[in-house]
Amino acid sequence: MSFVLSRLRFFASFLIEGRLRAYLKRELLDSFLGRGPGRLRRSRPTLRLGFWLLAAGMGQAAAWGDAAEWVAPEMGEAELLEDAAFAKAYGELREAGLDSPEEVFRLGQFYQANAFLEEAATCYRQVAGASAGELAARARYHLAAVEEARGNFAEAEDILQRLREEGVETPMGLLRMADLRAANGGDAEALYEACLSREASFAGASIALAKRAMRGGDMEAAKRRLRECLRREPECGDAALLLANIYAADGEQALAERFLEIGQANPRHTADRDPWLEALQEYRFGEYRLACDADELFTALRFEEARAVFERGLKLYPKSGDLWLGLAKLEFASDRRREAFAALQRAVSSPDASGQAYFIFADERYRDGDRQGALEICDAARGAGLLTARTALLEARCWRELGDLEATRDALDRGLADFRYDSDLLEASGDLAREEGRAELALRHYESALQMRPMAAALYAKLLATAIAERAWLAAERSLELLAARMPQEGSLRRLKSQYWLARALEFEESEEREAWLAALRSAYESDAASEPLFRQVASRLAGNGEWLELSQLASDARAHLSDSLHVYKMEGVALLQLGRIEEGIGSLRQARAKASASGDWEEAQRLAAMIAKLAGKAGSV
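Counting of residues starts from 1 at the beginning of each chain's written sequence and follows it residue by residue. At least 70 in pLDDT is required for a residue's local features to be given in this predicted model, at least 80 for side-chain atom pairs to be given and counted, and no such filter applies to totals for whole chains, interfaces and linings, which use all residues. Calculation of side-chain values draws on the structure's entire complement of heavy atoms; hydrogens and water are dropped beforehand.

As a further point, take the overall build of the chain. A tally of helices and strands in the chain yields 35 helices and zero strands. The rule is simple: take the accessible area with a 1.4 Å probe, protein chains only, and divide by the maximum for that residue type; under 20% is buried, over 50% is exposed, in between is partly exposed. For the chain, the residues scored as buried account for 48% of the 622 residues in total. The criterion used for residue contact is that any of the two residues' heavy atoms lie within 4.5 Å. The contacts in the chain between residues at least 6 apart in sequence include a share of 55% that link residues at least 24 apart. A run of H or I in DSSP counts as a helix once it spans at least four residues, and a run of E counts as a strand once it spans at least two, with each numbered from the N terminus.

Below, the structure is given as structure tokens:
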């Protein structure tokens, strides 16, 4: 016992200096998993190591008394009791051992609940590999949540997709996978629809589909989605606020004010119920539990209650970067920017400052138009070893907007040196290289970004546009093949294919390869046969080169897809006239005139009528 006490006094000296936060939370638990003792790392002060050791030899009450005597000036009684609860829970897990997958799974939950994501992932992988049935499925589901929290969105989506293929499909799993696919740049509409078919009350899926409709300009569909969401969940503030914005844009002020009132009176949508992850709550302790409690209140728009929890937590943990950061977010949401920046300053100055705190600090400066101030914070983050990929990207954006391309390139290169697999940095580097005329480098960056974000349709468009501009046909064909394999239902696939074949047609036209040119134009049209602008492009090229037979055949085929287009019948009529088939040509022009009249295009209808009369007169004289 004397040895234990002497070691505690030794550790206490480090505790007061704020150097031993990670020892229990990471090093001691690592050694428990058989990895051996690790090195001391600089981090926040904690008493958990002391509690674990003291609780083992003296009992919880005595542990609290001795530890409080040494560090009472810095730690409060409530904090000590929380840490004692942490030690007790961990001790119970340790006593249970790790002889079965169930015990390892519980330890993974303990890690995940207290934000030890790497350790949680290790436990869940071990369980998934050593068990079967529901336990293995739950371990993989939790692993997907951990990977999502670590920012590995593609890996998280892949785990959920494989679970779905194996028949493990829950409404929340579908919703999480849809959100991940959307975050990865993919088309998640079908997944959101599947989620709603399983659980119609999931507001998250309805809101996501409504936002998708808004981005596509289909405001009626967005309103329908949001009204259905509010019918099922009358207190969903996010749906009401979105509806208020739509009605305001439509000039329906009374409806906008009504839904604005509903939105302001009710909490924002937080997350739909996830029974598998709700069990984590019982494993949360101390500072992390306070941060989670405050965040839940903040998300529910209960600002004053959230502020009270943050302030109580900061009295217990005055050096907690997480709590200062949470308070800063709350102050920004309350439009108290001066207080928010003060809290951010404390967050980045704390012993456990996070890269997220630096990013938010820099991003808010950027939003205020202070690009130089944002750059200084980015530089400070790099100096503290807490630069994140998002911060590096923000740094490059600031330099770009300040007009310094060399500094922009340098920021992106340094960012990629630290985060070589970050898709956003790779895409931004590709954009810059393309702008500077370095097409080969741009293609490499876009292709690398697609490996990280294989469902990002916009990236395929950039890759294809760059390949077409450089006539790098192999790269263009490869990107189309990948898009077709990964996203066969993606709406942009048809458009991108048509762009490719139009570019090839131009090349064949320049080299006077008639048959290849005609085949490319036909392939361009067939890529998106329901597109009238594409038909017009192909038809004008055929007409410009006097290919009247090909044009008449194209127009005849287009009737099946564009039966209401007067342009199709008009071009068919012109082609038939050029081929000497006067009566057929006049018949097509008459149909074109009928389409013009039906659509209210009276000017075009009159022009066509005059043309038909002139042609009919000539035909009669003949």
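Next up on the list: the pattern of salt bridges. In what follows, salt bridge is the name for a side-chain nitrogen of Lys or Arg lying within 4 Å of a carboxyl oxygen of Asp or Glu. Summed over all chains, the structure comprises 36 salt bridges. If you follow the salt bridges from partner to partner, you end up with E304, R307, E331 and R336 in one network.

In this section: helix 30 (residues 514-527). Multiplying 1.5 Å by the helix residue count minus one yields the expected span of that helix. Taking 1.5 Å of rise per residue, the 14 residues of helix 30 would be expected to cover 20 Å, and the 20 Å separating its terminal C-alpha atoms lies within 8% of that figure. Every buried residue of helix 30 is listed here: W517, L518, A520, L521, A524, Y525 and S527.

Before going further, it helps to spend a moment on the nonpolar core. In terms of nonpolar packing, the biggest core is built from 72 residues, with L327, L344 and L425 touching the most fellow members. Apart from the residues within four sequence positions on either side, L327 is in contact with R307, F310, L314 and A343. Core analysis: the next-biggest nonpolar cluster, separate from the first, contains 37 residues, V104, L174, A188 and Y192 among them. Take the buried Ala, Val, Leu, Ile, Met, Phe, Trp, Tyr and Cys residues and link them wherever side-chain atoms come within 4.5 Å; each set so joined is a nonpolar core.

To continue, consider unusual backbone geometry. Of note in this structure, D335 is not a glycine but carries a positive phi near 60°. Checked against the element boundaries, D335 lands in the loop between helix 19 (321-333) and helix 20 (337-349). Of note in the backbone geometry, E512 takes a positive phi value of approximately 60° without being a glycine. Exposure remark for E512: the relative accessible area of 72% places this residue in the exposed category.

Take the packing of aromatic side chains next. When two rings of Phe, Tyr or Trp (its six-membered ring) have centres within 6.5 Å they constitute a pair, described as stacked for plane angles under 30 degrees, edge-to-face for angles over 60, and tilted for the intermediate range. Taken as a whole and assessed by the stated rule, the structure comprises seven aromatic pairs. Seen in terms of ring centroids, F341 and F361 are 6.0 Å apart; in terms of plane orientation they differ by 40°. Their pairing is tilted. Highlighted residues: F341 in helix 20 and F361 in helix 21 (residues 355-367), separated in sequence by 20 residues. An identical accessibility class is assigned to F341 and F361; each is buried. A centroid spacing of 5.0 Å and a plane angle of 70° characterise the contact between Y500 and W501, whose relative ring orientation is edge-to-face. Judged by relative accessible area, Y500 falls into the buried class, the value being 3%.

One can find H567 in helix 33 (residues 566-578). Ignoring sequence-local partners within four residues, the contact set of H567 consists of E532, F535 and R536.

On to the environment of C236, then. Relative to the helices and strands, C236 resides in the loop between helix 13 (219-232) and helix 14 (237-249). Since its relative accessible area comes to 6%, C236 is described here as buried. In this structure, the C-alpha to C-alpha distance between C236 and A203, residues 33 residues apart in sequence, is 7.5 Å.

On to the packing of helix 25 (residues 423-435) against helix 26 (residues 439-452). To obtain each axis, a line is fitted to C-alpha atoms, and for helices this fit is confined to the stretch in contact; angles are then taken between N-to-C directions over 0 to 180 degrees. Closest axis-to-axis distance for the helix 25/helix 26 pair is 8 Å, and the angle between their directions is 160°. Put simply, helix 25 runs roughly antiparallel to helix 26. Handedness of the helix 25/helix 26 crossing: left-handed. Together, S423, L426, E427, S429, G430, D431, A433 and R434 of helix 25 and A439, L441, A442, H445, Y446, S448, A449 and M452 of helix 26 make up the contact between the two elements. Any angle that is under 35 degrees is reported as roughly parallel, and any over 145 degrees as roughly antiparallel; angles of 65 to 115 degrees are reported as roughly perpendicular and all others as oblique. Crossing handedness follows the turn of the near helix against the far one: under a right angle anticlockwise gives a left-handed crossing, and clockwise gives a right-handed one.

Okay, the environment of M611 next. With respect to the element layout, M611 can be found in helix 35 (residues 602-621). By relative accessible area, which is 34% here, M611 ends up partly exposed. In this structure the C-alpha to C-alpha distance between M611 and L589, which are 22 residues apart in sequence, comes to 8.5 Å.

Look at helix 19 against helix 20: their axes get within 8 Å of each other, and the N-to-C directions meet at 165°. Considering the angle they form, helix 19 stands roughly antiparallel to helix 20. Handedness of the helix 19/helix 20 crossing: left-handed. In this structure, helix 19 uses G321, W324, L325, L327, A328, E331 and F332 to contact helix 20, whose residues at the interface are R337, E339, A340, F341, A343, L344, R346 and A347. Polar here means any residue outside two lists: the nonpolar Ala, Val, Leu, Ile, Met, Phe, Trp, Tyr, Cys and Pro, and the charged Asp, Glu, Lys and Arg; Gly therefore counts as polar. For the contact of helix 19 with helix 20, a count of residues per class yields ten nonpolar, one polar and four charged.

Attention now moves to the side chain of R225. Tracing the backbone shows R225 in helix 13. Its relative accessible area of 15% is what places R225 among the buried residues.

Residue pairs spaced three or four apart in an α-helix point in one direction, given the helix's 3.6 residues per turn. Look at helix 9 (residues 153-165): 18 Å from first C-alpha to last across 13 residues, which is about the 18 Å you get at 1.5 Å a residue. Those residues of helix 9 that fall on the buried side of the exposure criterion are A156, E157, I159, L160, Q161 and L163. Among the residues trailing helix 9, G167 stands out with phi positive, at a value near 90°.

As a further point, take the environment of A130. Tracing the backbone shows A130 in helix 7 (residues 117-130). For the pair A130 and S100, spaced 30 residues apart in the sequence, the C-alpha separation amounts to 9.1 Å.

Confidence along the chain averages 75 in pLDDT terms, with 77% of residues attaining 70 or more. In the model, residues 1-82 has pLDDT below 50 throughout and makes 135 contacts with residues more than four positions away in sequence or in other chains. For every residue, the pLDDT score states the predictor's confidence, bounded by 0 at the bottom and 100 at the top.

One covalent bond between the sulfur atoms of two cysteine residues makes up a disulfide. Criterion for a disulfide: a pair of cysteine sulfur atoms at a distance within 2.5 Å. Within the structure shown, the criterion is met by zero disulfides. Lacking any disulfide linkage, C378 is separated from the closest cysteine sulfur, that of C398, by 5.9 Å. Its relative accessible area of 0% is what places C378 among the buried residues.

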